[in-house]
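The primary structure of each chain is shown beneath.
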Amino acid sequence: MTTTTSTSGPTSAPMPNAGSFPRAFLQGRATVVVGLQWGDEGKGKIVHYLTPLHDAVVRYNGGANAGHSVVVGGERFALHLIPSGILHKGKRAIIGNGVVVDPAWLIGEIDKLSARGVDMSNLRISSRAHVVMPWHKDEDDLRERLLRVESAAVTGDGKGGEPIGTTKRGIGPCYADKHQRATAVRMGDLLDEAALRSKVRMIAKIKTATLGALFDALPSAERPEVRPVYDAEVVVRSCVEWAKRLGAMVGDTSVELLRMVEEGKSILLEGANATLLDVDHGTYPFVTSSSTVALGAPTGAGIPMQSVGRVLGIMKAYSTRVGGGPMATELIATEADRALAHHIRERGREYGTTTGRPRRVGWLDLPAVRYAVRLNGVTEVAVMLLDVLEGMQQIRVCTGYTVNGKPAEFEPDAGWMSRATPNFETLEGFSGEVSKARTLSELPKEARAYISLIERHVGAKVAIVSVGPDKDQTIRVGE
Ligand code: GDP
Ligand code: IMO
Ligand code: MG
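Residues numbered from 1 in each chain as written. Chains lettered and ligands numbered in written order. Predicted model: local features only at pLDDT ≥ 70, side-chain atom pairs only at ≥ 80, totals over all residues. Heavy atoms only, no water.

(A) Just the site of ligand 2, in detail. Taken together, 20 residues lie around ligand 2, and K43, H68, T167, N273 and T288 are the ones closest in. A distance of 2.7 Å separates an oxygen atom of ligand 2 from a polar atom in the side chain of H68. When the free accessible area of ligand 2 is taken as 550 Å², the share hidden by the protein chains comes to 97%. For the shell around ligand 2, the class distribution of residues is seven nonpolar, ten polar and three charged. (Near = heavy atom within 4 Å. Polar contact = N/O pair within 3.5 Å; in protein donor to acceptor, adjacent residues only side chain to side chain. Areas by Shrake-Rupley, 256 points an atom, 1.4 Å probe, with all protein chains shown as cover. Nonpolar A, V, L, I, M, F, W, Y, C, P; charged D, E, K, R; others polar.)

Next up, the structure:
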């Protein structure tokens, strides 16, 4: 283990106008905001911060598994399906075709935000977005129960193995049906009751049979209380209610966005979940079911890839993860590690915005972030929650991996991660009123050294440093 207190600058060339976001530069381009770790990096805060510079904010993936917190004037808002840009009046807020929409959840979210005075008149939903139906949530739950039981059988300890640890919002089963095609329902389908009725009759029959089989496969002590049986008429009645509330917002949002791109308007693409949870590029199988990365943004919004001009990668100053799967830098091995994790969790409010689950906490994994930077084509990075590390005597950071005694590049694979040993460097901690800093020079020198170390390792310019949840607690580097 080496000790580093370097303050040298980045090795990567800064992007044009990095950190300054002039409106002219953004015109006709889309900016992707994407998480570089396992989610909850602070995407919501940054989307809210950047929305005034854009004409529309679009969610392109995921569903109510996401939880984006935004603090405005001390008031905390939690966004799950609705783009965080909704909090700025007059901006188009679009739920894109790549999202899976739970209509009942969405109506609840609309009502809660409306009750707090948020204007919903600019919200639009893609007719091609898929609907999370009741059977998707049931299947998510049944599969997680089965995985727990079956993994326990494999490990032989009877204690229960490791399920994926999903949010049980029906995300995986809904995306699976999207790809199955015949058993899927899209938002546009809700608008034609007669056609919907015959479709739902067919699907209800299939789901009653397939989910019934999953239910029967569970030992009785592990089963949910009620066997899943779907009455098509009951489901159609819910769909009709959803259509009454949401129908006027549903349309071809891709057509609208294409027009905006051609008119030179600027679009903010709000990623949900994060790179290491991507279904292709994350720590499979402990991932979500959508294309979370910037590569998925054009397809999930329905705009050409050339319209994406910038990719802003969001990372925390440490690591967190919710749910199952490997996390090499997790603070878990010793009592002291767990106490430190607890300290960070409490300071950083590291509890799931969606499920309330305590987040697993670890040191920053720079090779993992570097991988995410390269994969997403990140043009600049925002380092979030730096203030949470304030007051620690030492900070550790993973700067490389060793496999079979040799240096190895990060691989987003659960099997690889279980064989790889993280190599840590130890840095001097920092103290002082970090959350009050508004320029880099107001940060303690050890905190600046930490930012420089991040730049050197991840290979992208740090354009934003966040030192608190509020919009004002933001440092624009280079200004
Ligand atoms: P998201 O899913 O990426 O939008 O992130 P979440 O909202 O789930 O989690 C990030 C949490 O950190 C939220 O509670 C934010 O209010 C909070 N947050 C964002 N930036 C900062 C920061 O710089 N410092 C602190 N202390 N909290 C922050
Ligand atoms: P935001 O947008 C953190 C995790 C779940 C689980 C795995 C699969 O707030 O950063 P799923 O329900 O999607 O099938 O669960 O992915 N997960 C997230 N973790 N932040 C998120 O979103 C997440 N979205 C999904 O905890 O491990
Ligand atoms: Mg979150």
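(B) Broad picture of the coordination of the magnesium ion (ligand 3). Every protein donor of the magnesium ion (ligand 3) is listed here as D40 (OD) and G67 (O), and their distances to the metal cover 2.0 to 2.1 Å. In this pair, D40 sits in the loop between β2 (30-35) and α2 (43-50) while G67 sits in the loop between β3 (56-59) and β4 (68-72), placing the two residues 27 residues apart along the sequence. Classification of D40 by relative accessible area gives partly exposed; the value is 22%. Among the residues examined, G67 registers a relative accessible area of 11% and is labelled buried. (Donors = N, O, S within 2.8 Å, 3.2 Å for Na, K, Ca; no water. Helix = DSSP H or I, 4+ residues; strand = E, 2+ residues; numbered from the N terminus. Buried < 20%, exposed > 50% of the residue type's maximum accessible area, 1.4 Å probe, protein only.)

(C) How the structure looks around the packing of aromatic side chains. One pass over the full model with this rule turns up five aromatic pairs. Taking 5.5 Å as the distance between ring centres and 50° as the angle between the ring planes, the aromatic pair formed by Y371 and F410 counts as tilted. Of the two residues, Y371 sits in helix α11 (residues 366-376) while F410 sits in the loop between β18 (406-408) and α12 (414-419), which places them 39 residues apart along the sequence. For the pair formed by Y371 and F410, the shared burial category is buried. The positively charged end of R116 is found above the aromatic ring belonging to F77, 3.9 Å away from the centroid. Against the face of F424 rests R396, its NZ or CZ located 4.4 Å from the ring centre. (Phe/Tyr/Trp six-rings, centres within 6.5 Å; stacked < 30°, edge-to-face > 60°. Lys NZ or Arg CZ within 6 Å of the ring centre and 35° of its normal.)

(D) Region of the structure containing the site of ligand 1. Inspection of the region around ligand 1 gives 20 residues, with K43, G67, S69, D387 and S466 positioned closest. Side-chain polar atom of D387 to a nitrogen atom of ligand 1: 2.8 Å apart, as the coordinates give it. Considering ligand 1 on its own, with 580 Å² of exposed area, one finds that the protein chains cover 96% of that surface. Among the elements that make up the shell around ligand 1, the one with the highest residue count is α2 (three residues).

(E) Molecular detail of helix α3 (residues 103-115). Compared with the 18 Å implied by 1.5 Å per residue over 13 residues, the 18 Å span of α3 between its first and last C-alpha is a close match. Taken together, the buried residues of α3 touch β5 (75-79), β6 (92-95), β7 (100-101), β8 (123-126), β9 (130-131) and α7 (232-246). At the N-terminal end of α3, a side-chain oxygen is found 3.2 Å from the backbone nitrogen of A104, two or three residues along, and the residue is D102. Phi turns positive, to about 90°, at G117, one or two residues after α3. (Expected span 1.5 Å × (residues − 1). Contact = heavy atoms within 4.5 Å.)

(F) Highlighting the state of the cysteines. Summed over the entire model, instances satisfying the criterion amount to zero disulfides. C174 takes part in no disulfide bond, and the closest cysteine sulfur to it belongs to C239, at a distance of 12 Å. For C174, a relative accessible area of 1% gives the class buried. (Disulfide = S-S within 2.5 Å.)

(G) Seen up close, the environment of G468. With respect to the secondary-structure elements, G468 resides in the loop between β20 (462-466) and β21 (474-476). Exposure remark for G468: the relative accessible area of 6% places this residue in the buried category. Each C-alpha atom of the pair G468 and S435 lies 5.7 Å from the other, and the pair is 33 residues apart in sequence. With residues near it in sequence (within four places) discarded, G468 still touches K45, D387 and Q473.

(H) Local environment of the pairing of strand β16 (residues 380-384). By the criterion of burial, β16 is predominantly enclosed, with five of the five residues buried. What you see with β16 is no split at all: E380, A382 and M384 on one side and V381 and V383 on the other are buried throughout. Sheet topology note: the strand β12 (residues 308-316)/β16 ladder contains five bridges and is parallel. By the bridge assignment for β16, K316 is matched with M384. Relative to β20, β16 is paired through three bridges, and the arrangement is parallel. Each bridged residue has a counterpart across the sheet, and for V383 the counterpart in β20 is V465. (Pairing = 2+ DSSP bridges.)

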